[in-house]
Structure formats: C-alpha cells, structure tokens
Amino acid sequence: LAVGVVQMSSSAGLKGIFQFFTNAYDKYVVGSSVEVTLEEVGPDVNGELIKQFHQIFVLTKLPDKYEISLKIGDNKNLHLAYSDGVNRIVFEQKKLNDTTGNDNEIDSSGAFDKNGIEYSYSRKKEDGVVDRVLEWELGDIRFKLVAPFGKEELIEMAESIEYIE
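**Q** Quick rundown of the overall build of the protein chain? Include the residues and the values.
**A** The helix and strand inventory of the protein chain stands at four helices and eleven strands. Here the protein chain holds 165 residues, and the buried ones make up 35% of them. A total of about 10,000 Å² of accessible surface is found on the protein chain, and carbon and sulfur atoms cover 50% of it.

Quick look at the structure:
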C-alpha cells in the first residue's frame, strides 16, 4: 500500500488515501463510532451546583450515570467535571473580560456554525486518552466541553446548557 501511495501522482488519489486512513483512525483508534445516548439530568446532578453557585450555566443532558465529580472556581471562571467512574466530561465557562487564567482565542481550524452559534471542534490526546473538544462563545462567556464522545454528542450537550440565577 505504501508503494502505491508513493507512485500516485493524482492529488485526488492522495486525498482519497488520506481520507481512508483518517476515517479508519477515527473509527478504530479514536473510537468516534461509539454511540452515546444523552439523558436529561435530574436535580441530583446539578442540585449541588445550584446551592453553591449563582449566575452560571449547567449541562442539562449527559450520558447515563454521570455525576458531578469536581467543581473549581466561581461564577466568572468555573471548571466542572462529571464522571461515571471511568470516563470524564469537563465543562468550563469563563467570562471573557476576566483577567485570571488563559484568555487564548478559540482554535478556529475546526470551526462550524450551528443554529447561529460558531463552534470549534478538535481532538486532543493526553496520557493515551483521546478527547474531543468543543468550544464556543455566548455573549461575554467562553465555553469549553471536553469528553471522549463524538461531535454530535458534544453539540447536543452544548445545546442543553441552562443558565442558573
């Protein structure tokens, strides 16, 4: 196969081979073919957050058996982690005018628009674990969602956020 790739002169042929390997990587290495069903989150998951924080956003759809496992910050810069005991979902929200932390721009290489919101989707590998990252902004708040699920599941979680006074 490698010899065939080297001898191909057509850019369309190279694109086809590249796409084949990208799809195979996504399916078998990254695991993006794993289907996840999201469910409405009950008060047991977000109730604790509502008591502790005000004027924040929470996820209202998560995969089954996920519970809040970490909460750091305040209503200007909040880092939440949900876990099922094996995998984790990280949900971050940061006021853009806040001077603490990292105010880097969103990576626009995987940018797309859905329902009038500009999202950025990417993948990262850390300690052998491949996570997907979805970032977006609403008003003066930047959101980041990191989880081992596919793009559609991340979008569904992002679309489920709810503001808590």
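**Q** Describe the packing of aromatic side chains, listing the residues and the values that go with them.
**A** Scanning all chains against the criterion turns up seven aromatic pairs. Here the aromatic rings of Phe-57 and Phe-143 are separated by 5.1 Å at their centres, their planes lie at 90 degrees, and the arrangement is edge-to-face. Separated by 86 residues along the polypeptide, Phe-57 in strand β2 (residues 56–58) and Phe-143 in strand β10 (residues 141–147) bring together distant segments of the chain. In this structure Phe-143 comes out as buried when scored by relative accessible area, which is 0%. A ring pair is formed by Trp-136 and Phe-143, whose centres lie 5.1 Å apart and whose planes are at 20 degrees; its orientation type is stacked. Neither residue differs from the other here; Trp-136 and Phe-143 are each classed as buried.

**Q** Describe the sheet that holds strand β9 (residues 129–138), and please don't skip the residues or the numbers.
**A** Spatially, seven strands are ordered β4-β5-β6-β10-β9-β8-β7 in an open sheet, and the strand pairing comes out antiparallel. Looking at which strands have only one partner, the edges of the open sheet turn out to be β4 (67–74) and β7 (111–114). Ignoring strand direction, the axes of neighbouring strands in this sheet form an average angle of 20 degrees. Relative to β9, strand β8 (residues 117–126) is paired through eight bridges, and the arrangement is antiparallel. When the bridges of β9 are listed, Tyr-119 appears paired with Trp-136.

**Q** Would you mind going over the pattern of salt bridges in detail, with residue names and values included?
**A** As enumerated under the stated definition, the model contains five salt bridges in all. Notably, a salt bridge pairs Glu-156 with Lys-61, separated by 3.3 Å at the nearest N-O pair. Here Lys-61 lies in strand β3 (residues 61–63) and Glu-156 lies in helix α4 (residues 151–159), a separation of 95 residues in the sequence. A salt bridge links Glu-137 to Arg-142; its shortest N-O distance comes to 3.1 Å.

**Q** Let's hear about the pairing of β4: which residues, and what values?
**A** Side-chain direction in a regular strand flips from residue to residue, so the side chains alternate between the two faces of the sheet. Here β4 runs beside strand β5 (residues 77–83); their pairing, made up of seven bridges, is antiparallel. Each residue of the ladder has a partner; that of Glu-67, found in β5, is Ser-83. Linkage of β4 to β5, two consecutive antiparallel strands, is achieved through a turn of two residues.

**Q** So, the environment of Ser-83: which residues are in play, and what are the values?
**A** Tracing the backbone through its elements, the reader meets Ser-83 in strand β5. Note: C-alpha distance between Ser-83 and Glu-67 (16 residues apart in sequence) is 5.5 Å. Filtering out sequence-adjacent residues up to four positions away, Ser-83 remains in contact with Lys-65, Tyr-66, Glu-67, Ser-69 and Arg-88. Separated by 3.1 Å, the side chain of Ser-83 and the backbone oxygen of Asn-87 make a polar contact.

**Q** Pulling in residues and values, what's your account of the pairing of β8?
**A** Here β7 runs beside β8; their pairing, made up of four bridges, is antiparallel. Bridge pairing in β8 links Asp-113 to Glu-118. What sits between β7 and β8 in their antiparallel hairpin is a turn of two residues, with Asn-115 showing a positive phi close to 55 degrees. Counted along the chain from β8 to the antiparallel partner β9, the turn is two residues long, and its residue Asp-127 has a positive phi close to 55 degrees.

Quick notes on the rules
- Residues numbered from 1 in each chain as written.
- Predicted model: local features only at pLDDT ≥ 70, side-chain atom pairs only at ≥ 80, totals over all residues.
- Heavy atoms only, no water.
- Helix = DSSP H or I, 4+ residues; strand = E, 2+ residues; numbered from the N terminus.
- Buried < 20%, exposed > 50% of the residue type's maximum accessible area, 1.4 Å probe, protein only.
- Areas by Shrake-Rupley, 256 points an atom, 1.4 Å probe, with all protein chains shown as cover.
- Phe/Tyr/Trp six-rings, centres within 6.5 Å; stacked < 30°, edge-to-face > 60°.
- Pairing = 2+ DSSP bridges.
- Axes fitted to C-alpha atoms, helices over the stretch in contact; angles between N-to-C directions.
- Salt bridge = Lys/Arg side-chain N within 4 Å of Asp/Glu carboxyl O.
- Contact = heavy atoms within 4.5 Å.
- Polar contact = N/O pair within 3.5 Å; in protein donor to acceptor, adjacent residues only side chain to side chain.

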